[in-house]
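Below, each chain spelled out in residue letters.
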Amino acid sequence: GNISTRKSVSGAAIFLAGPNGTWSMLDWISRTQRTISLSTAEAELLAAQLALRECLTILILLDLFKIEVEVELLVDSAAALSVLLTGISSKLRYAAKSQGLCAAWCAQVLKDFAIKAKKVATDHNVADIFTKAVSSFTFKNLLHLCRGHHLLQDDAQLALDLRDRQPGVRPEHDAPLDHVQQPR
């Protein structure tokens, strides 16, 4: 977020996934929030609302071409995910009335459009490169996910080589390869 205004930055990446494990980024968003969030969950909730609004626009376009898709909303905050799924939270009782409306709107959109909301691991959260400074190692890995194809064994070796060249990488941050698919 912005240190002087204390406003968080919402970010999202919208991908279209193909039937054979390929994907392509359709859109990305990076926008300073209009209000100051009092918690990470509140900021993540506003980011989810922004992502859903952009996603609805794309869904309308796909519907014009008679293309049916399944939609997943990936959120990296367990608290925000809980609010998204229920539309309410006793933990956000201090939040502004607008955040309560945001939570209810998001829950309704998820229900009406059969959108699945799931938690995403931090090292797979592509939106982070649009919202904050990340290490060069993390940036390269997330940028790789933006490229729009399978992560194959050659790419896994490249990522391992990059990791080995990064001094001070902690073990819990150097395991982005749990989604590697073996070539057939």
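It should be emphasised that the depicted structure is a prediction, and the values quoted were computed from it without experimental measurement. (Residues numbered from 1 in each chain as written. Predicted model: local features only at pLDDT ≥ 70, side-chain atom pairs only at ≥ 80, totals over all residues. Heavy atoms only, no water.)

Draft legend 1. Quick look at the pattern of salt bridges. This structure, assessed with the given rule, holds 4 salt bridges. Between Lys118 and Glu72 there is a salt bridge, and its shortest N-O distance comes to 3.1 Å. Within this pair, whereas Lys118 is found in strand S4 (residues 116-119), its partner Glu72 is found in strand S3 (residues 72-75), the two being separated by 46 residues in sequence. Classification of Lys118 as partly exposed rests on a relative accessible area of 37%. Under the relative-accessibility criterion, Glu72 is labelled partly exposed at 44%. (Salt bridge = Lys/Arg side-chain N within 4 Å of Asp/Glu carboxyl O. Helix = DSSP H or I, 4+ residues; strand = E, 2+ residues; numbered from the N terminus. Buried < 20%, exposed > 50% of the residue type's maximum accessible area, 1.4 Å probe, protein only.)

Draft legend 2. Geometry of the nonpolar core. If you look at the biggest cluster of nonpolar residues, it comprises 28 residues, and the most contacted ones within it are Leu45, Leu52, Leu73, Leu84, Leu110 and Ile115. Sorting the residues of this core by element identifies strand S1 (9-17), helix H1 (40-64), S3, helix H2 (78-86) and helix H3 (97-112) as the ones contributing at least two each. Tallying contributions element by element places H1 first for this core, with 11 residues. Excluding anything up to four places from it in sequence, Leu84 contacts Leu45, Ala48, Leu73, Val75, Cys106, Ala107 and Leu110. With 7 residues, the next largest nonpolar core counts Ile129, Leu142, Leu145 and Cys146 among its residues. (Core = buried A, V, L, I, M, F, W, Y, C linked by side-chain atoms within 4.5 Å. Contact = heavy atoms within 4.5 Å.)

Draft legend 3. Fine view of the pairing of S3. Only one face of S3 is buried, namely the one carrying Leu73 and Val75, since none of Glu72 and Leu74 on the opposite face is buried. Bridge count between S3 and S4: 4 bridges; the pairing is parallel. Across the sheet, residue Glu72 finds its bridge partner in S4, namely Lys116. (Pairing = 2+ DSSP bridges.)

Draft legend 4. Fine view of the packing of aromatic side chains. Per the stated rule, a full pass over the model turns up 1 aromatic pair. Geometrically, the ring pair formed by Trp28 and Phe130 is stacked, given 4.9 Å between the ring centres and 15° between the ring planes. Here Phe130 lies in the loop between S4 and helix H4 (136-146) and Trp28 lies in strand S2 (residues 23-32), a separation of 102 residues in the sequence. Judged by its relative accessible area of 48%, Trp28 falls in the partly exposed class. (Phe/Tyr/Trp six-rings, centres within 6.5 Å; stacked < 30°, edge-to-face > 60°.)

Draft legend 5. Focus on a nonpolar patch on the surface. Taken together, the side chains of Leu16, Leu26, Ile60, Leu61, Leu64, Phe65, Ile67 and Val69 define a hydrophobic patch exposed on the protein surface, amounting to about 780 Å² of accessible area. Here the element with the most residues in the nonpolar patch is H1; it accounts for 3 residues. Relative to the assigned elements, Ile67 resides in the loop between H1 and S3. Its relative accessible area of 41% is what places Ile67 among the partly exposed residues. (Patch = residues over 30% accessible without salt bridge, like charges linked within 9 Å, V, L, I, M, F, W, Y side chains within 5 Å. Areas by Shrake-Rupley, 256 points an atom, 1.4 Å probe, with all protein chains shown as cover.)

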